[in-house]
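Architecture at a glance
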Amino acid sequence: MHTDKYQHHDYYLMDELLTDEHKLIRETVRSWVKKELSPIIEDYAQRAEFPKQLVNGLADIGAFGPYIPTDYGGQGLDQISYGIIMQELERGDSGIRSTASVQSSLVMYPIYTFGSEEQRQKYLPKLATGEWIGSFGLTEPSHGSDPGSMVTHIKDMGDYVLLNGAKMWISNAPFCNLAVVWAKDENGVIRGMVVERGMEGFSTPETHNKWSLRASATGELVFDNVKVPKENLFPDIRGLKGPLSCLNSARYGIAWGAIGAALDCYDTALRYAKERIQFNKPLASFQLQQKKLAEMITEITKAQLLTWRLGVLKNENRATPAQISMAKRNNVAMALHIAREARQILGAMGITGEYSIMRHSMNLESVVTYEGTHDIHLLITGMDITGISAFQ
Amino acid sequence: MNILVCISKVPDTTSKIAFTDNNTRFDSSNVQYIVNPSDEWYALVRALELKEQLGTGKVSIITVGLAEDDAIIRKALAIGADDAIRINALPADSFFVASQIAEYAKTQDYKLVLTGKETIDYNNAEVGGMVAELLGWEFITPANKLDVESDKVRVESELGGEILVLEAPMPVVISAAKGMADQRIPNMRGIMAARTKPITVVEPFNVAPLVAIQKFEMPPAKAGVKLVDPENMEELVRLLHDEAKVI
Ligand SMILES: Cc1cc2nc3c(=O)[nH]c(=O)nc-3n(C[C@H](O)[C@H](O)[C@H](O)COP(=O)(O)OP(=O)(O)OC[C@H]3O[C@@H](n4cnc5c(N)ncnc54)[C@H](O)[C@@H]3O)c2cc1C
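Worth saying up front: this structure is predicted, and the values here are computed from it rather than measured.

1. Description of the overall build of chain B
Within chain B one finds 6 helices and 14 strands. The principal-axis extent of the C-alpha atoms belonging to chain B is close to 65 × 45 × 40 Å. Out of the 247 residues in chain B, the part that is buried amounts to 37%.

2. Considering the domain arrangement of chain A
Often, the extent of an interface is quoted as the loss of accessible area upon association of its parts. Residues and elements named next belong to chain A. Under the domain assignment used here, chain A contains domain 1 (14-128), domain 2 (134-232) and domain 3 (241-386). Its C-alpha centre places domain 1 at a distance of 19 Å from the equivalent point of domain 3. With 27 residues of domain 1 in contact, the opposing surface of domain 3 contributes 27 residues. Looking at the side of domain 1 that touches domain 3, the elements that each hand over two or more residues are helix 1 (20-47), helix 3 (79-92) and helix 4 (94-114). Among the elements that make up the side of domain 1 that touches domain 3, the one with the highest residue count is helix 3 (11 residues). Considered class by class, the residues forming the side of domain 1 that touches domain 3 number 12 nonpolar, 8 polar and 7 charged.

3. Here's the deal with the interface of chain B and chain A
Each partner contributes residues to the interface: chain B has 12 residues there, and chain A has 14 residues. Secondary structure elements with two or more residues in the side of chain B that touches chain A: helix 2 (70-79) and helix 5 (188-194) of chain B. Looking at which element gives the most residues to the side of chain B that touches chain A, the answer is helix 2 of chain B, with 4 residues.

4. Things to note about the site of the ligand
Residues and elements named next belong to chain A. If you check the shell around the ligand, you find 21 residues, and the closest are Leu138, Gly144, Ser145, Thr373 and Asp375. Those elements that place two or more of their residues in the shell around the ligand are strand 1 (134-137), strand 3 (160-171) and helix 10 (374-386). Residue-level mapping places the shell around the ligand at the junction of two domains, with at least three residues from each of domain 2 (134-232) and domain 3 (241-386).

5. A word on the packing of helix 3 (residues 94-106) of chain B against helix 4 (residues 127-135) of chain B
Residue and element names in this part refer to chain B. The contact between helix 3 and helix 4 brings their axes to 8 Å, and the two run at 45°. Here helix 3 is positioned oblique relative to helix 4, judged by the angle of their axes. Crossing hand, helix 3 versus helix 4: right-handed. From helix 3, Ser94, Phe95, Val97, Ala98, Ser99, Ile101, Ala102, Ala105 and Lys106 reach across to helix 4, where they touch Val127, Met130, Val131, Leu134 and Leu135. Its residues assigned to classes, the contact of helix 3 with helix 4 comprises 11 nonpolar, 2 polar and 1 charged.

6. Some details on the sheet that holds strand 11 (residues 152-159) of chain B
Residue and element names in this part refer to chain B. Taking strand neighbours across the sheet as the criterion, the 3 strands line up as 10-11-12 in an open arrangement whose pairing is antiparallel. The open sheet has two edge strands with one neighbour each: strand 10 (145-149) and strand 12 (162-169). The sheet shows a mean angle of 20° between the axes of neighbouring strands, taken without regard to direction. Across 5 bridges, the pairing between strand 10 and strand 11 is antiparallel. Paired with Val148 across the strands is Val153, a residue of strand 11.

7. Considerations on the nonpolar core
Of all hydrophobic cores here, the largest spans 171 residues; its most connected members are A:Ala262, B:Val5, B:Ala76 and B:Ile174. If you tally residues by element for this core, the top one is helix 6 (residues 241-275) of chain A, at 18 residues. Residues within four places of B:Ala76 in sequence aside, it is in contact with B:Ile7, B:Val35, B:Glu40, B:Leu44, B:Ile61, B:Ala81 and B:Ala84.

8. Observations concerning unusual backbone geometry
Residues and elements named next belong to chain B. Here the bond from Thr141 into Pro142 is cis, since omega is -15°, no more than 30 degrees from zero. Its place among the elements puts Pro142 in strand 9 (residues 138-143). Going from Met170 to Pro171, the amide bond is cis rather than trans, its omega being 5°. Within the secondary structure, Pro171 sits in the loop between strand 12 and strand 13 (172-176). One non-glycine residue, Asp21, adopts positive backbone phi at about 50°. Inspection of the secondary structure puts Asp21 in the loop between strand 3 (19-20) and strand 4 (25-26). Asp21 sits in the exposed class, given 9 other C-beta atoms within 10 Å. Despite not being glycine, Asn23 has its phi angle at roughly 60°, a positive value. In this fold, Asn23 is placed in the loop between strand 3 and strand 4.

9. Thoughts on helix 8 (residues 321-345) of chain A
Residue and element names in this part refer to chain A. Over its 25 residues, helix 8 extends 36 Å from the first C-alpha to the last, a length consistent with the 36 Å expected when each residue adds 1.5 Å. Across the 25 residues of helix 8, 18 count as buried, placing the element largely inside the fold. Residue Gly347 follows helix 8 closely and has a positive phi angle near 55°.

10. Some points on the environment of B:Ala92
Position of B:Ala92 relative to the elements: it lies in the loop between strand 7 (83-87) and helix 3. For the pair B:Ala92 and B:Glu243, spaced 151 residues apart in the sequence, the C-alpha separation amounts to 42 Å.

11. What about helix 10 of chain A?
With 13 residues, helix 10 of chain A extends 19 Å between its outermost C-alpha atoms, agreeing within 8% with the 18 Å of an ideal straight helix rising 1.5 Å per residue. Looking one or two residues beyond helix 10 of chain A, the residue adopting positive phi is A:Gly387, at roughly 80°.

The rules behind each value
- Residues numbered from 1 in each chain as written.
- Chains lettered and ligands numbered in written order.
- Predicted model: local features only at pLDDT ≥ 70, side-chain atom pairs only at ≥ 80, totals over all residues.
- Helix = DSSP H or I, 4+ residues; strand = E, 2+ residues; numbered from the N terminus.
- Buried ≥ 20, exposed ≤ 12 C-beta atoms within 10 Å, placed from the backbone.
- Domains from an automatic or database assignment.
- Contact = placed C-beta atoms within 7 Å.
- Nonpolar A, V, L, I, M, F, W, Y, C, P; charged D, E, K, R; others polar.
- Near = placed C-beta within 6 Å.
- Axes fitted to C-alpha atoms, helices over the stretch in contact; angles between N-to-C directions.
- Parallel < 35°, antiparallel > 145°, perpendicular 65-115°, else oblique.
- Left-handed = near helix turned anticlockwise from the far one by under 90°.
- Pairing = 2+ DSSP bridges.
- Core = buried A, V, L, I, M, F, W, Y, C linked by C-beta atoms within 7 Å.
- Expected span 1.5 Å × (residues − 1).

Put into structure tokens, the structure is as follows:
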């Protein structure tokens, strides 16, 4: 069995910017990852299976709705705590972090923010304990970066709406108990609603043969004349800003998560470079390898500072969507680059499941695409600084 | 039954060890502190299990240290201790620490005082025995299993490859070692609950330490490993005889 030797790296003494409680939360999630996740994750990723037995533990460590108020079963924690939990989970595996991100930011967050009091009471406590797992349906087969053009739609039938269409690339879909779904009404206005498993005409076929996020289940949400009761619609929110505000929260978590994946790759490569002897010397003694390692910790340190500051702004409710885009884009690209460099330091060992690097590297190929692609986030920054949209 | 668990902070094993003031003081800057593993994993967790089994009583933790130690106290509270006592003094030596704990324990009605077998910084393994002596109680170490039966404890102690099964009347002091319990990772509910659990700060009792540290030294660097081919037993014998001088 694989032992997780991870040791944290804090080059600029960022810990001094955290509270004792932040550090305790980090230690807790890290211990849980070392004990429960690391020993099994490689096997599940190889078999492309989601380790369902982790759901209870994820709930216990507060990974489901950390910033949702305790009245609804959440933990009432701040945004930095949320980020730290995502960082530590993704240090283990981006797929498991994805499950937690979707549950917290894409399912619990919209139900808490846009839901009626009845919807909050009905869904949030069970989502917080992991008794129910949710998914988030925005992307469609023909509409990815441009979700505003979605074709999934609802028709008002009096007591209920009739939902038709399909969503694709949906994390947690194959086993979700409910889905937060975005669809257009007769006037082309985007509405959000909760679709429950068991509703007639609702199915969730799994997407197979992924090379990435293999320990996270991905699938479709197919709606064939599904009767969704009106009380399942979010009462007030209209338009793209509904789903986009969920994505903001999830992207913020991903910015932290990517640092976790990068730290794990760096940590593994650093240890390996010090132990592996070639030409009678450790790899770490060669300038080329030192350059790689030194650049890795430099980039990680920059990302840590950027993301901590974003967390402070988020706590004060001042983080703009464009600032979040910058951090998501920067950190995921940074992690992907580090994963590739770290893999090379391990030579042939780097491609095996003995080490986590190749898994991180493949996972990050999804992370750089979902929640807004690398390109789209750049266009968001471009639009923010020039005032001109280059999307269309 | 009320149980007192003694916890100590120790540097994380990955910390870089350095000294200051002419090698007379441990350099604690940038050192990450953790709860001493055998205090946390065995003593505290077993105390909580006993409380859960008996369905009554309270588990309190005590540490001798300054305000910065509240971080490790909160962790122990997050794992499940009911309340905490911090004796507000730098832990000067084992006798000083043991005296503080014993003086405090005298004023309360604990039936069981648990410590870890030893701390991973100085590895003295002294505090438990001293507390017992100062209180006039029985002392058992190392305890690898611990059960409570009415007014006595039953302990399994692994010593020199044998397992001793011991019984002692309570009150008693026991130093916990591997096997007594399994590490408990605090959950988020525990962390939240720890925010409001009480930490009582007690000013130190007047006791003079018995030990003064003259100087710290790093252990000599480990000599390299010599690999001997399994076919070449003569070479192994030669090395053991001529170089290691053990045969
Ligand atoms: C594993 C996984 C899990 C996912 N989970 C979910 C989920 O739970 N819920 C959900 O709703 N979605 C989910 N997604 C979908 C994800 O959000 C989309 O894949 C993403 O938004 C990109 O859409 P697309 O794949 O259709 O790519 P496209 O939009 O077709 O983009 C293809 C390429 O073109 C570029 N491009 C597109 N438009 C422009 C433009 N205007 N200017 C310049 N370049 C452009 C993109 O950057 C990209 O490089 C998931 C995806 C993956 C891989």
